[in-house]
Amino acid sequence: MGCEGSPDARFLPPMLRRRCTALSKAMLHVAFEGCPAEERSEVRTVFASRHGENKESFPLFESIAKGQPLSPAKFTHTVHNAQAGLFSIASGNRQASSSLSGERDTFATAFLEALTHLEREPGRSVLVVTGDVAIAPLFAPLLDEREAAYAVALLLAWNGEGTKLGFELASGTKERGSRGPSPDPAWPQALEFVRWLHDEGTPRLELGVGPRTFCWQRA
Amino acid sequence: MREHAPCRLRALGMVNALGALSDEIWQGLLAGDQSRLTWRDDLVPGRSLLVGEVRSPLPEIPSALRRYRCRNNALSLAVLLGLEAELAAVIAEVGRGRVGVVMGTSTSGVSDAEAALCHNAAHGVLAPGFDYPQLEFGGAAGFVAAYLGSEGPVYTLSTACSSGARALASARSLLALGVCDAVVAGATDTLCGLTTNGFCALQAVSDELPNPMSANRKGLTLGEGSAILLVTREEGGIQLEGVGESSEAHHMSAPDPAGGGAENAMREALRDAGLTPADIAYVNLHGTGTPLNDAMESAAVVRVFGEQVPASSTKALVGHTLGAAGAMEAGFCWMMLARASDGQIALLPHAWDGRRDPALARLRLVDKGERARVEGRVHLLTNSFGFGGNNCVLVLGGELPC
């Protein structure tokens, strides 16, 4: 968390790796770690990042402001679904894939979007990959959340091996103190989720901003 | 076919280069009117660009929501204002907590961020009024939910040119899961320096009138706009009947030339809807007008449907609205169904120079004034093929009159 550098993503073919951003390397690294090789071409995928390639897009915005031409490769690798495209190419995956962003609820809504894929095709696992890196320094003071560089992958299915979780969504005004620890500005949800997943003494996790509460429970 | 919960597309609003009113847009579509495309000199240095710009005045975002104030969200607001009665009714009906919002965008407020950075270059400070929620992708849906006061789940999908179609696919699943009782789903994209310069750098942009499927096609014409639908778990009316999705595992910015991904997504959408190719009365093509898209798409459509299915690209009229296109074109199909009557449906004409490319598979492109005779349920299919090989095909249908 918060450290410099990025995984080397050596499993990527050199041509793909050369153009990869730090975010792409981090998200592809956990995607490959989190999904067994034999399933990589078969899973549906959800790629979620609150900020996406904000930092890498910044020089493009500056080029535009100065009237300079853009590099087509840089443009291609800063779209929000760049990681989805890279994963599909690197793993030969031809299944459905979503890329999303949901403000401070990015992780929780990625989990929900994964459930929509399980709804569409109940028998197929969904790989959820979420991550972020620091945004452009000029924008950072405007952010309502602690910054962290991280990537997390989860492989979800209705049934099978692994940790069994229940998930529900509630709305309405929250009573103060009824939720788990929520430092302000909070860590990105994905990190709170991972912390909870490793803390087996806590049966329930509630995350969410404003009127929305996303609840996970060990089944 | 899987048993589906019903998925009704209860109301539609849109704004694009053809206008902001349903009748105005419909007349433009039927006339194959390319006259609303305009030239802009300020988007790409040294190049005049033909674009589908929204020229109707846009509403001001209320000051309580100023953190979301950007052109992209003003386009969404223009549509929401037209849907106000329908949206208020559904919130009263099911409750705020049961209304979700899923939007698609590929730009969010990039055009405002570009202006903020120009201001920064000149004055050493970001433009006053600029805020991060204008730029982050999540803000596209965040704004809609904040404006409506909805309290169900909110997120923005950004899979390039399939974003808008995907928003409707996710809306259907959120309803089927029981997480929401209504979803406000759609997509908005704004003309900006990033996408115009980016697609020009990829040599994908035409300097002439859009000419999809023609031997003379020179590339795409960019556009902007918003299309938003109210989606509920109700029988009847116009239904989202099928969703087909695929990835291509091929290239970051070019489609698989064989059209395998496009074909898979169309076949999957038909299977999902429980239909055969012969059941489809019209195909709204992705039809960008780039040499590669049109070659692979015509081949894929003919492989799935044969040469007889009426087809057209409406991007020749409003430009390629990128992230918004999938919702926009589903909206055009919605209008066709909503306005069909007496066993007849008006088909949307394909605007082009009429010069067939002998290298392309032979599509039956719709002529101006064509109508199709229909009986019972009518089904239309719309293609969206995104950058990075991300495809989403939708089937809309209904029993006439709907």
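Position numbers for residues start from 1 in each chain and track the written sequence from start to end. Following the order in which they are written, the chains are lettered starting with A and the ligands numbered starting with 1. For this predicted model, a pLDDT threshold of at least 70 governs which residues receive local features, and a threshold of 80 or more governs which side-chain atom pairs are given and counted, while totals over whole chains, interfaces and linings are taken from all residues. In computing side-chain values, all of the structure's heavy atoms are included and hydrogens and water are not.

Chemist: Please clarify how the overall build of chain A should be interpreted in this entry.
Modeler: Secondary structure follows DSSP: runs of H or I at least 4 residues long count as helices, runs of E at least 2 residues long count as strands, and numbering of each begins at the N terminus. Each helix and strand counted, chain A has 7 helices and 7 strands in total. When its helices and strands are written in sequence order, chain A yields α-α-β-α-α-α-β-α-β-β-β-α-β-β. For this measure, only C-alpha atoms enter the radius of gyration; the expected value for a globule follows 2.2 Å times N^0.38, where N is the number of residues. For 219 residues, the compact-globule formula gives about 17 Å, and the C-alpha radius of gyration of chain A, at 18 Å, lands near that figure. On the principal axes, the C-alpha backbone points of chain A span a range of 50 × 45 × 30 Å. Burial status follows relative accessibility: with a 1.4 Å probe on protein chains alone, a residue under 20% of its type maximum counts as buried, one over 50% as exposed, and anything between as partly exposed. Here chain A holds 219 residues, and 52% of them are scored as buried. When the accessible surface of chain A is split by element, carbon and sulfur atoms take 51% of a total near 9700 Å². Once the 24 positive and 26 negative side-chain charges of chain A are each reduced to a mean point, those two points are 5 Å apart. For the area figures, the Shrake-Rupley method with a 1.4 Å probe applies, and any residue is considered shielded solely by the protein chains shown. Note that His is not counted, nor are the chain ends; the positive residues are Lys and Arg, and the negative ones are Asp and Glu. A charge is said to be at NZ when it belongs to Lys, at CZ for Arg, at CG for Asp and at CD for Glu.

Chemist: Sorry if this is basic, but what is going on with unusual backbone geometry here?
Modeler: Glycine aside, the phi torsion of most residues is negative, and most peptide linkages are trans. Residue and element names in this part refer to chain B. In this chain, Leu400 is followed by Pro401 through a cis amide linkage whose omega measures -10°. Structurally, the position occupied by Pro401 is in the segment after β15 (390-399). Phi at Ala160 is positive, roughly 55°, even though this residue is not glycine. You can see Ala160 is positioned in the loop between β5 (154-157) and α7 (163-177). Of the residues examined, Ala160 reaches a relative accessible area of 8% and is grouped as buried.

Chemist: Explain the pattern of salt bridges to me, please; I cannot follow it from the model alone.
Modeler: Any two side chains of opposite charge can pair, given that their charged atoms come close. The working definition used for a salt bridge is a side-chain nitrogen of Lys or Arg within 4 Å of a carboxyl oxygen of Asp or Glu. Taken as a whole and assessed by the stated rule, the structure comprises 34 salt bridges over all chains. Its salt-bridge partner being Glu53 of chain B, residue Arg40 of chain B comes within 3.4 Å of it at the nearest N-O pair. Pair noted here: Arg40 of chain B is in strand β2 (residues 38-44) and Glu53 of chain B is in the loop between β3 (47-51) and α2 (71-82), with a separation of 13 residues, a long-range link. In this pair, the class of Arg40 of chain B matches that of Glu53 of chain B, namely buried. Of the charged contacts in the structure, one is a salt bridge between Glu263 of chain B and Arg303 of chain B, with a shortest N-O distance of 2.5 Å. With Glu263 of chain B in helix α9 (residues 260-273) and Arg303 of chain B in helix α10 (residues 291-305), this pair connects stretches of sequence that are 40 residues apart. What makes Arg303 of chain B partly exposed here is its relative accessible area of 39%. One salt-bridge network, held together by shared partners, links Glu42, Arg44, Arg120, Glu121 and Arg124 of chain A together with Arg166 and Glu245 of chain B.

Chemist: For this particular structure, what's the right way to read the confidence of the model for chain B?
Modeler: A low pLDDT score tells you not to read the predicted coordinates there in detail. When the pLDDT values of chain B are averaged, the result is 97; 100% of them are 70 or greater. Scored as a whole, the predicted complex attains pTM 0.97, and scored at its interfaces, ipTM 0.97. For every residue, the predictor reports its confidence as pLDDT, a number between 0 and 100.

Chemist: Explanation requested: the interface of chain B and chain A in the structure shown.
Modeler: Frequently, the measure chosen for interface size is the accessible area that the parts lose on association. By the convention used here, residues are in contact when the closest approach between their heavy atoms is within 4.5 Å. At the junction of the two partners, chain B supplies 60 residues and chain A supplies 55 residues. Area buried by chain B at its contact with chain A is led by Leu117, Tyr132 and Met252 of chain B, which between them contribute 15% of it. The shortest N-O distance in the salt bridge between Arg50 of chain A and Glu136 of chain B comes to 2.7 Å. Definition of a polar contact: a pair of N or O atoms within 3.5 Å, with one able to donate and the other able to accept a hydrogen when the atoms are protein atoms, and with sequence-neighbouring residues admitted only if both atoms are side-chain atoms. Inspection of the chain B/chain A interface yields 21 residue pairs in polar contact (both at pLDDT 80 or more). By residue number, the principal contributor to the side of chain B that touches chain A is α7 of chain B, which donates 8 residues. Classes in brief: Ala, Val, Leu, Ile, Met, Phe, Trp, Tyr, Cys and Pro nonpolar; Asp, Glu, Lys and Arg charged; the others, Gly included, polar. Taken together, the residues of the side of chain B that touches chain A sort by class into 28 nonpolar, 23 polar and 9 charged. Relative to β5 of chain B, strand β2 (residues 97-101) of chain A runs antiparallel, the two being bridged by 2 bridges. Bridged to Leu100 of chain A within β5 of chain B is Leu157 of chain B. Summed over both partners, the accessible area (1.4 Å probe) lost when two parts come together is defined as the buried area. Strand pairing requires that DSSP identify at least two bridges connecting the strands.

Chemist: In this structure, what is going on with the packing of helix α6 (residues 106-120) of chain A against α7 of chain B? I would like to understand it.
Modeler: Each pair of packed helices can be summarised by the angle the axes make with each other and by the distance between the axes. As a rule, the C-alpha atoms of each element are fitted with a line to give its axis, helices using only the stretch in contact, and angles between N-to-C directions run from 0 to 180 degrees. Between α6 of chain A and α7 of chain B, the shortest axis-to-axis distance is 9 Å and the interhelical angle comes to 80°. Accordingly, the angle class assigned to the pair α6 of chain A and α7 of chain B is roughly perpendicular. Taken together, the residues of α7 of chain B that come into contact with α6 of chain A (itself represented by Leu112, Glu113, Leu115, Thr116, His117, Glu119 and Arg120 of chain A) are Arg166, Ala169, Ser170, Arg172, Ser173, Leu174, Ala176 and Leu177 of chain B. Its residues assigned to classes, the contact of α6 of chain A with α7 of chain B shows 6 nonpolar, 4 polar and 5 charged. Note on angle classes: values under 35 degrees are labelled roughly parallel, values over 145 roughly antiparallel, values of 65 to 115 roughly perpendicular, and the remainder oblique.

Chemist: Just checking my understanding: could you explain the pairing of strand β6 (residues 204-207) of chain A for this structure?
Modeler: Along any regular strand the residues' side chains alternate between the sheet's two faces. Residue and element names in this part refer to chain A. In β6, alternate side chains face the same way, and those of Leu205 and Leu207 are buried while those of Arg204 and Glu206 on the opposite face are not. Two elements, β6 and strand β7 (residues 212-218), share 4 bridges in a ladder whose sense is antiparallel. Paired with Leu205 across the bridge in β7 is Trp216. Remark: 4 residues form the turn of the hairpin made by β6 and β7, two consecutive strands paired antiparallel; Gly208 in that turn has positive phi of roughly 145°.

Chemist: How do you make sense of the packing of helix α1 (residues 22-31) of chain B against helix α12 (residues 325-338) of chain B when you look at a structure like this?
Modeler: Residue and element names in this part refer to chain B. For the pair α1 and α12, the least separation of the axes is 11 Å and the interaxial angle reads 95°. The angle between the axes of α1 and α12 places the two elements in the roughly perpendicular class. Taking contact as the criterion, the partners of Ser22, Ile25, Trp26 and Leu29 in α1 are, on α12, Phe332, Met335 and Met336. Class assignment for the residues of the contact of α1 with α12 results in 6 nonpolar, 1 polar and no charged.

Chemist: When you look at the side chain of Asn293 of chain B in this model, what are you seeing that I'm missing?
Modeler: Residues and elements named next belong to chain B. Residue placement: Asn293 occurs in helix α10. For Asn293, a relative accessible area of 5% translates into the label buried. Each residue touching Asn293, except ones within four places of it in the same chain, is listed here: Pro255, His286, Gly287, Thr288 and Phe385.

Chemist: Quick question: what am I supposed to make of the packing of aromatic side chains here?
Modeler: Residue and element names in this part refer to chain A. Any two rings among Phe, Tyr and Trp, with Trp reduced to its six-membered ring, count as a pair given centres within 6.5 Å; such a pair is stacked if its planes are under 30 degrees apart, edge-to-face if over 60, and tilted if neither. Enumeration over the complete set of coordinates arrives at 21 aromatic pairs over all chains. Aromatic pair Phe193 and Trp216: ring centres 5.3 Å apart, planes at 65°, arrangement edge-to-face. With Phe193 in helix α7 (residues 189-197) and Trp216 in strand β7, the pair connects residues that are 23 residues apart, well separated along the chain. Taken as a pair, Phe193 and Trp216 share a single burial class, namely buried. When the NZ atom of lysine or the CZ atom of arginine is within 6 Å of a ring's centre and also within 35 degrees of its normal, the charge is said to sit over that ring. Above the ring of Trp187, the side-chain terminus of Arg146 is found at 4.3 Å from the ring centroid. The ring of Trp196 has Arg218 lying over it, and the distance from NZ or CZ to the ring centre is 4.5 Å.

Chemist: Can you walk me through the environment of Met328 of chain B in this structure?
Modeler: Residues and elements named next belong to chain B. Secondary-structure assignment places Met328 in helix α12. The exposure class assigned to Met328 is buried, which follows from its relative accessible area of 1%. For the pair Met328 and Pro57, spaced 271 residues apart in sequence, the C-alpha to C-alpha distance is 19 Å. In contact with Met328, other than residues within four places in its own chain, are Met14, Val15, Asn16, Gly225, Ser226, Ala227 and Thr321.

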